[in-house]
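# Structural description and commentary
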Amino acid sequence: MGLTIAEKILSQHIVDGEMIKGTEIGIRIDQTLTQDATGTMAYLEFEAMGVDRVKTERSVAYIDHNTLQSGFENADDHRFIGSIAKKHGIYFSRPGNGICHQVHLERFGKPGKTLIGSDSHTPTGGGIGMFACGAGGLDVAVAMGGGAYYITCPECVRVNLKNKLSDWVSAKDVILEVLRILTVKGGVGKVIEYGGEGVKSLTVPERATITNMGAELGATTSIFPSDEITLEFLKAQGRAEDWVEIKADDDAVYDKVIEIDLAALKPMAACPHSPDNIKAIKELGSKKIDQVCIGSCTNSSFIDLMKVATILKGKTCHPDVSLAIAPGSKQVFTMLAQNGALADLISAGARILECACGPCIGMGQSPNSNGVSLRTFNRNFEGRSGTADGQVYLVSPEVAAVSALTGVFTDPTEYLGEMPEFKIPEHFLINDNMVEPPASVEDADKVEILRGPNIKPFPVTTPLDESINADVILKVGDNITTDHIMPAGAKILPYRSNIPYLSQFCFGVCDTTFPKRALEAGKGIVVGGANYGQGSSREHAALVPLYLGIKAVLVKSFARIHRSNLINAGILPLTFEYEADYDAIDQGDTLEMPDVRECIINDKPILIKNVTKGTVIPVKSELSGRAKDILLAGGLLNYTKEQSK
Ligand code: MIC
Ligand code: SF4
C-alpha cells in the first residue's frame, strides 16, 4: 500500500509507538522555533531541564509578537531570549527581522524535516513540505533537549486541487473554502494534505498561506508536496541544496478526499467571530468599512505585498478607512523598499508598521468602536483585535487592498481589470544579518543570561490528587478559544512571563469575576462545550488556570494543542461520555471524583458525582500511558526530570 506525504515523513521520524492511526506516537524533531510571547516561558522550562545545548538540527528563537515595548518588560524579555539562545545553541532572529513563520519559510524550512514551534501557525512550514506542528512551549523545550514530540497518529484528508485560480482570486480563498467545508473542528486529529494538478499553479508562499490557516481547522498540520516549485523557491532563497522531492504515492490511501476547483473559487471573507463563518464578498454587499490591515504570518509575503502595491499605486485609500500594512519579514520589507513598491504603499496613505505580528495579536491598531475591520490575518475571535465589539473579517490581500480604496466590501474580480503576472523573483534578497548565531560550545560558559524583573517563576505543578472535590467555577459554551481563556493584546501580552499578573485577565472575555472567584475557592473545575481551547498554542491558557487552582477541565471535546498543554501543566482533561450530560451541570455545582488517581492508573471508568444535583455523570479521560505518567508526576517538567534521573 502506498504512503501519503505525512506518512512518509512520520515513518522516517517515529521513535516511539507504531504508525497506527488514533494511537500515540513519538517523533524525532529536526527543527524547533519559538516566538517571544511563548518563548520566555519555553526557555525558562528548557533551563529547568538542565540541558546545556540544544540537540536539534536547527532551533531558532524569534522576536515578533511583543514588539511594542510600551514598558521595560518586552525589551527585557528580548534580551533574556537573546542571551539564553546564545548560550544554548539556538539561532536568534532579532526584533525587526520579521514574523517567525515567514522568516522560517524563507531561511530555514527544509522539505521532509519535522518542525515544532511554540506557536499554532507553525504548520506554515507545510507549504515547503515540512511536517510542522504547533505545540506548547514545554513540548518545544523537551524537543530542544532531544526528546520526542508526541502526537496522535493522524488520519489524512486529501484536498485535490484542480485547474488554477482566476485573476485576483487568492490562496487565502482556497483555505477559506476548506474552512467553509470542514469548519473549525473539521481538522481535529487529521493532517490535511494537498495534491492534484492545481498544486503546480501555487507558489511556496501561496501554499504556506493555505497550510498556515490549516491551524484554524484544528488540524494536526497541513502539508504540500515538495516539487519543482519548491525547488524554484529554495533556489531563489539561495538554498537549492536543502531541496528533496516528496510526494504521495499514487496508491496512497486517504481517510477522506475533498475536491476543489480553483477556477470556480470567488473572493471570500471569514465573518465575525469565527474563521469558518464564510461568505462570498459579493454576498456582503457594499457594507462600509473602517479599517484595513494587511500582513500577519498568513499573508505578508513579497508577492502578497506586490499585489497590494500594484492595486494601490497612484491612488489614495478611502477617507473613512485607516490602512495599516506590516510586511512579513525584513527580506520582504527591503525588497519592497528597493523596487519602489514601498513608496506606492506609503503614498496611497498606508500606515507602515514594522515587520511583526502587530495588530494580528492586538498589539496596536485596534479598530474603532463597533468598527468593521478587513484583515488579511487568520483569526477573528471576539475581542482579539483589542476592541471588544470590533467586527473583524478575514480576507485576501487583494480584497483588502481594493476595499481600502473604495471604503466598502469590494470584489477585486469585478473592480480590477486583467491581473498582471506576479512571479516569484529569481533571487530573493538574502541578508541574514539580523540572525545571531549561537556561541560556540567553548564560549557558551561565558554567556551571561540577562533576566529582567518581569520574569517570575512558573506555577508549581503537583502530582494528580487522589480524589478531586471542587466546585464548577465557570461553565462556558462551544468553541472557546485560548483568546477567551488567556487573552493577549497590548495591555496583557507584555506579562507573558508573569503568570500571577496574567491571572487577573483569565477568561476576561467570558466572565471578569472568574479569577477572583477561583482564587477564593482555592480549587475548581471548568466545564466547557465542543472544541474547547481552539486557537493559539499558548500554554499560558493552562498555566494560568493552574495558578488559579483549576484541577480539571470537563468538556464535550478539546482542541489538540490545548489538551496537551493541560496535561503538561498537570490539569486533568476530561470529556463527557454523553454530550447531553453537559446540561446536567451548572456553574456553582460541587463535583466529586473519588479515587480519581486510582481510576486513571488502573483505567477504571471515572464517575463524577454532582453533589449539588445528586446525579452521577460518566466521563472519559482517554489518556495514553505517557500522558497518564505526566499527570501522575504533576506535569511534563516533573516527568521529564524524573525520566532523566
Ligand atoms: C496567535 O496567533 O494566537 C499567537 C499569538 O501567535 C499564538 C501564540 C501566543 O499566544 O503567543 C499562537 O498562535 O500559538
Ligand atoms: Fe503572529 Fe498573528 Fe501569526 Fe500569531 S497568527 S504568529 S500573532 S502573525
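Just above, that's the structure.
Everything quoted here is computed from the prediction, not taken from an experiment.

## Structural notes on the pattern of salt bridges
- All chains considered together, the criterion is met by 26 salt bridges.
- In this structure, the salt-bridge partner of Asp-320 is Lys-288, at a minimum N-O distance of 3.8 Å. Within this pair, whereas Asp-320 is found in the loop between helix H9 (302-312) and strand E16 (322-325), its partner Lys-288 is found in the loop between strand E14 (278-280) and strand E15 (291-294), the two being separated by 32 residues in sequence.
- Residue Lys-288 is classed as partly exposed on the basis of its relative accessible area, which comes to 44%.
- Residue Asp-511 pairs with Arg-517 through a salt bridge whose shortest N-O separation is 2.9 Å.
- Within the structure, one salt-bridge network assembled from shared partners comprises Lys-110, Arg-239 and Asp-242.

## A look at a negative patch on the surface
- Judged by side-chain charge, Glu-228, Glu-232, Glu-245 and Glu-426 come together as a negatively charged surface patch.
- Here Glu-245 shows up in the loop between helix H8 (228-236) and strand E12 (256-261).

## Some thoughts on the site of ligand 2
- Taken together, His-65, His-101, Asp-119, His-121, Ser-296, Cys-297, Cys-357, Cys-360, Ile-361, Asn-378 and Arg-384 make up all the residues around ligand 2.
- When each cavity is represented as a set of grid points, ligand 2 is found to reside in the largest cavity.
- Per-class residue counts for the shell around ligand 2 are four nonpolar, five polar and two charged.

## A look at the side chain of Thr-298
- Within the fold, Thr-298 resides in the loop between E15 and H9.
- Engagement of the side chain of Thr-298 in a polar contact is seen with the side chain of Asn-212, the distance being 3.1 Å.
- Among the polar contacts made by the side chain of Thr-298, one reaches the side chain of Asn-378 at a distance of 3.0 Å.
- With near-sequence residues (within four places) excluded, Thr-298 lies in contact with Lys-172, Thr-209, Asn-212, Met-213, Asp-304, Thr-376, Phe-377 and Asn-378.

## Some points on helix H3 (residues 72-88)
- The terminal C-alpha atoms of H3 lie 24 Å apart, and with 17 residues this matches the ideal 24 Å at 1.5 Å per residue to within 8%.
- Counting buried positions along H3 yields twelve of 17 residues, so the element is predominantly enclosed.
- When we look at burial in H3, the residues that qualify are Glu-73, Asn-74, Asp-76, Asp-77, His-78, Phe-80, Ile-81, Gly-82, Ser-83, Ile-84, Ala-85 and His-88.
- Its buried side turned inward, H3 meets helix H2 (36-49), strand E4 (58-62) and strand E5 (91-93).
- Once H3 finishes, Gly-89 follows within two positions and takes phi at roughly 90°, a positive value.

## Structural notes on the packing of helix H17 (residues 540-547) against helix H18 (residues 560-569)
- With their axes 8 Å apart at the nearest point, H17 and H18 run at an angle of 40° to one another. In terms of axis orientation, H17 runs oblique to H18. You can see that H17 and H18 cross each other, and the crossing is right-handed. Taken together, the residues of H18 that come into contact with H17 (itself represented by Ala-541, Ala-542, Leu-543 and Leu-546) are His-562, Asn-565, Leu-566 and Ala-569.
- A breakdown of the residues in the contact of H17 with H18 according to their chemical character gives six nonpolar, two polar and no charged.

## Let's talk about the sheet that holds strand E8 (residues 149-152)
- Strand order in the open sheet formed by three strands is E1-E2-E8, with antiparallel pairing between adjacent strands. The open sheet has two edge strands with one neighbour each: strand E1 (14-16) and E8. Ignoring strand direction, the axes of neighbouring strands in this sheet form an average angle of 45°.

## A few points about the site of ligand 1
- Taken together, 14 residues form the shell around ligand 1, and within it Asp-119, Ser-120, Arg-384, Ser-537 and Arg-538 come nearest.
- Here Arg-496 contributes a side-chain N or O atom positioned 2.8 Å from an oxygen atom of ligand 1.
- One of the side-chain N or O atoms of Arg-538 is found 2.5 Å from an oxygen atom in ligand 1.
- Protein chains shield 97% of the accessible area of ligand 1, which is 330 Å² for the free molecule.
- Judged by the proximity of its atoms to the pocket grid, ligand 1 belongs to the largest cavity.

## Observations regarding unusual backbone geometry
- His-273 follows Pro-272 through a cis peptide bond whose omega is -5°.
- Mapped onto the fold, His-273 is located in the loop between strand E13 (268-270) and E14.
- Even without glycine at this site, Ser-296 takes up a positive phi of about 80°.
- The residue Ser-296 is located in the loop between E15 and H9 in this model.
- Judged by its relative accessible area of 2%, Ser-296 is buried.
- Even without glycine at this site, Asn-531 takes up a positive phi of about 60°.

## Observations concerning the layout of surface pockets
- In this structure, the largest pocket spans a volume of roughly 900 Å³.
- Around the largest pocket, the lining comprises 36 residues; the ones closest to its centre are Thr-152, Val-188, Arg-560, Arg-563 and Glu-622.
- Of all the secondary structure elements, the ones that give two or more residues to the lining of the largest pocket are E8, H18, strand E24 (572-576) and helix H20 (625-633).
- Take the lining of the largest pocket: its biggest share by element is five residues, from H18.
- Here the residues of the lining of the largest pocket sort into 13 nonpolar, ten polar and 13 charged.
- For the second largest pocket, the calculated volume is near 620 Å³.
- Looking at the second largest pocket, it is lined by 22 residues, and the ones nearest its centre are Ser-201, Thr-203, Glu-206, Glu-421 and Phe-422.
- Looking at the lining of the second largest pocket, the elements with two or more residues in it are helix H7 (204-212), H8 and H9.

## A few points about the nonpolar core
- Membership of the largest hydrophobic core comes to 105 residues, with the highest contact counts inside it found for Phe-507, Phe-514, Tyr-532 and Leu-572.
- No other element matches helix H5 (residues 137-144), which puts six residues into this core.
- Ignoring any residue separated from it by four or fewer positions in sequence, one finds Phe-507 in contact with Leu-474, Val-476, Ile-480, His-484, Ile-485, Pro-487, Thr-512, Phe-514, Val-526 and Tyr-532.
- Judged by nonpolar contacts, the second largest core, of 60 residues, contains Phe-108, Trp-168, Met-306 and Val-308.

Rules used in this analysis
- Within each chain, residue numbers correspond to sequence positions counted from 1 in written order.
- Whichever chain is written first becomes A and whichever ligand is written first becomes 1, with later ones labelled in order.
- This being a predicted model, a pLDDT of at least 70 is required before a residue's local features are given, and a value of 80 or more before pairs of side-chain atoms are given or counted; all residues contribute to the totals for chains, interfaces and linings.
- With hydrogens and water set aside, each side-chain value is computed from the structure's full complement of heavy atoms.
- The term salt bridge refers to a side-chain nitrogen of Lys or Arg lying within 4 Å of a carboxyl oxygen of Asp or Glu.
- Per the convention used, a helix needs a DSSP run of H or I reaching at least four residues, while a strand needs a run of E reaching at least two, with both numbered from the N terminus.
- Residue burial is assigned from relative accessible area. The probe radius is 1.4 Å, only protein chains are included, and a residue is buried under 20% of its type maximum, exposed over 50%, and partly exposed in between.
- Patch membership requires more than 30% relative accessible area and the absence of a salt bridge. Residues of like charge join within 9 Å; the nonpolar side chains Val, Leu, Ile, Met, Phe, Trp and Tyr join within 5 Å.
- With residues, only the protein chains shown are counted as cover, and all accessible areas are computed by Shrake-Rupley using a 1.4 Å probe.
- A residue counts as positive if it is Lys or Arg and as negative if it is Asp or Glu; His and the chain ends are not included.
- Charge positions come from single atoms, namely NZ of Lys, CZ of Arg, CG of Asp or CD of Glu.
- A single heavy atom is enough: if one lies within 4 Å of a molecule or strand, its residue is considered near that molecule or strand.
- The rule is simple: put a 1 Å grid over the protein atoms alone, call a set of points where a 1.4 Å probe fits but cannot get out a cavity, call an open set with protein on both sides within 12 Å along at least five of seven lines a pocket, and count a residue as lining if it has an atom within 4 Å of a point.
- More than half of a molecule's atoms lying within 2 Å of a cavity's or pocket's grid points is what places that molecule inside it.
- Gly counts as polar in this scheme, as do all residues outside two lists: the nonpolar Ala, Val, Leu, Ile, Met, Phe, Trp, Tyr, Cys and Pro, and the charged Asp, Glu, Lys and Arg.
- Counted as a polar contact is a pair of N or O atoms within 3.5 Å, where, for protein atoms, one must be capable of donating a hydrogen and the other of accepting one, and residues adjacent in sequence contribute only when both atoms are in side chains.
- Any two residues whose heavy atoms approach within 4.5 Å at even a single point are treated as in contact.
- A helix is expected to span 1.5 Å multiplied by its residue count minus one.
- Convention adopted: a line fitted to C-alpha atoms gives each axis, helices being fitted over their contacting stretch, and angles between N-to-C directions are expressed from 0 to 180 degrees.
- Convention used here: angles under 35 degrees read as roughly parallel, angles over 145 as roughly antiparallel, angles from 65 to 115 as roughly perpendicular, and any remaining angle as oblique.
- Two helices cross in a left-handed way if the nearer one is turned anticlockwise from the farther one by less than a right angle. They cross in a right-handed way if the turn is clockwise.
- Strands were regarded as paired on the criterion that DSSP finds at least two bridges between them.
- Grid points are joined across faces, edges and corners, and a volume is the space filled by probe spheres set on the points.
- Residues belong to a common nonpolar core when they are buried Ala, Val, Leu, Ile, Met, Phe, Trp, Tyr or Cys residues joined through side-chain atoms within 4.5 Å.

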